[in-house]
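The chain contents come next:
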Amino acid sequence: MEELKKRIESHISALSQFTATPQKGTTRLTYSQEDLQARNYIKEKMKECGLAVREDGLGNIFGKLEGTIKDAPSVLVGSHFDSVPNGGSYDGPAGVVAGLEVAALFAQRKLKPKYPLEVIALIEEEGARFGGGLMGSRGMTGLLSEEDFKNLKDQDGISAEEAMVKIGLDPALPKIRDPKTMKAFLELHIEQGPILEEKNIPIGVVEAIVGLTQLDVTVAGLAGHAGTTPMDRRSDALVTAATIISQLPGLAAEEGEGTVITTGRLNVFPNGANVIPDKTVFTIDIRSGKEENVLNVIQKTKELIQSYNKDGIEITIDQPLYIQPKELSKDVRSLLKKKSGELGIPYCSINSGAGHDAMVFSDFTDVGLIFVPSKDGLSHCPEEWSDSHHLAQAVEILFETAKSLTEAEED
Ligand code: GLV
Ligand code: MN
Ligand code: MN
């Protein structure tokens, strides 16, 4: 256990160096130089565990240990390796590191699986560069089409394909993976909330993941001089956006049942102190465990926005992401609980308020997701921290679960 803890700490610390914002948390945008550095590290470690490494046409990384049954579907273990702007060192990487350490344990014990074991490191789960999010898993499962992918651009107008090529990836490689090649997907993630820490329980076995949507709103108004344009002759895109945004929390509160709404990104154009803004673009993230709540709040949000579509203001709404709440596989949940019990590691059931690639895969294969506690419940910030002891316990559970699912045997 001590050695496993040290190895986990060393991976997390190595990956945290690949950031565009040193001293200010992890900023690792998809297809950036930091992505390339983390990618090379992950591929290197996969090879050290004896895995055959490949990348798909999205840049997802796979490290495969073949099984003895010919062409059998794989048991995938992993998570994503991109980050939000100024995020932490654990959201995503903890799960990739867990995959690497499960593979390292297979190698150490010279296990021969019947079904292949694949460590997987996914791109752009956060959507911080190209919007929407869950791009690695949605692309792999065909939920994001080739055409959608071709149209993706970042805030500087750089297309996903251009950005891929720039770091040496090949967008022409196949993107979609036949679900028949997947037997199960296992993910370890930090909880990103306060529940496990408060309960003092090291492992949460996730039952269900919230439904969520992202709306991208563009408000177009009229630019003008800040000093000479009378107040009653303005079509100010920022004042309109601010008026809308300030009413959004009320819509979620009114819906209740844990429904949440967030505007996390707001861009103002042309962004000059003495120019009336002629354009604002902002995001709206809506989530709830009940799909009905998400749909109600989307409807009310759209009605609210439409009511400001007047007086020289034009508003358009895009919806780059919509996912229903997802219940995860009962069988895998039971297996994870059984393994935790056998290892003597305390666990509880929990629901996830954060989105995960696991929710995308759950429509295509059997999925299991486990959480470890987050210090002070913090995540998506530089202070994000989880105890390597808990991470090591989670790796042991995933190892035993992967061993069962791959039907691995000692040599
Ligand atoms: C990912 O962290 C999300 O929940 O948006
Ligand atoms: Mn995240
Ligand atoms: Mn994550």
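It should be emphasised that the depicted structure is a prediction, and the values quoted were computed from it without experimental measurement. (Residues numbered from 1 in each chain as written. Chains lettered and ligands numbered in written order. Predicted model: local features only at pLDDT ≥ 70, side-chain atom pairs only at ≥ 80, totals over all residues. Heavy atoms only, no water.)

**Side note on the domain arrangement of the protein**
Working step 1: Splitting the protein by domain gives domain 1 (2–210 + 325–410) and domain 2 (211–323).
Working step 2: Of note, the centres of domain 1 and domain 2, computed from C-alpha atoms alone, are 33 Å apart.
Working step 3: With 16 residues of domain 1 at the contact, the number on the domain 2 side is 13 residues.
Working step 4: Roughly 1000 Å² is buried in total at the junction of domain 1 and domain 2, and carbon and sulfur atoms are behind 60% of that figure.
Working step 5: Sorting the residues of domain 1 by area buried against domain 2 places G132, V210 and P325 first, and these three jointly supply 49% of that buried surface.
Working step 6: Applying the counting criterion to the domain 1 and domain 2 interface returns 3 residue pairs in polar contact (both at pLDDT 80 or more).
Working step 7: A per-class count over the side of domain 1 that touches domain 2 returns 8 nonpolar, 6 polar and 2 charged. (Domains from an automatic or database assignment. Contact = heavy atoms within 4.5 Å. Buried area = accessible area lost by both parts, 1.4 Å probe. Polar contact = N/O pair within 3.5 Å; in protein donor to acceptor, adjacent residues only side chain to side chain. Nonpolar A, V, L, I, M, F, W, Y, C, P; charged D, E, K, R; others polar.)

**Side note on the coordination of the manganese ion (ligand 3)**
Working step 1: Protein coordination at the manganese ion (ligand 3): the donors are H80 (NE2), D91 (OD) and H189 (NE2), at 2.0 to 2.2 Å from the metal.
Working step 2: Spacing between the donor residues of the manganese ion (ligand 3) along the chain follows H-x10-D-x97-H.
Working step 3: The manganese ion (ligand 2) is placed at 3.5 Å from the manganese ion (ligand 3), the two being bridged by D91. Residue H80 is located in strand β3 (residues 74–80), and its partner D91 is located in the loop between β3 and α3 (93–108); the two are separated by 11 residues in the primary sequence. Taken as a pair, H80 and D91 share a single burial class, namely buried. (Donors = N, O, S within 2.8 Å, 3.2 Å for Na, K, Ca; no water. Helix = DSSP H or I, 4+ residues; strand = E, 2+ residues; numbered from the N terminus. Buried < 20%, exposed > 50% of the residue type's maximum accessible area, 1.4 Å probe, protein only.)

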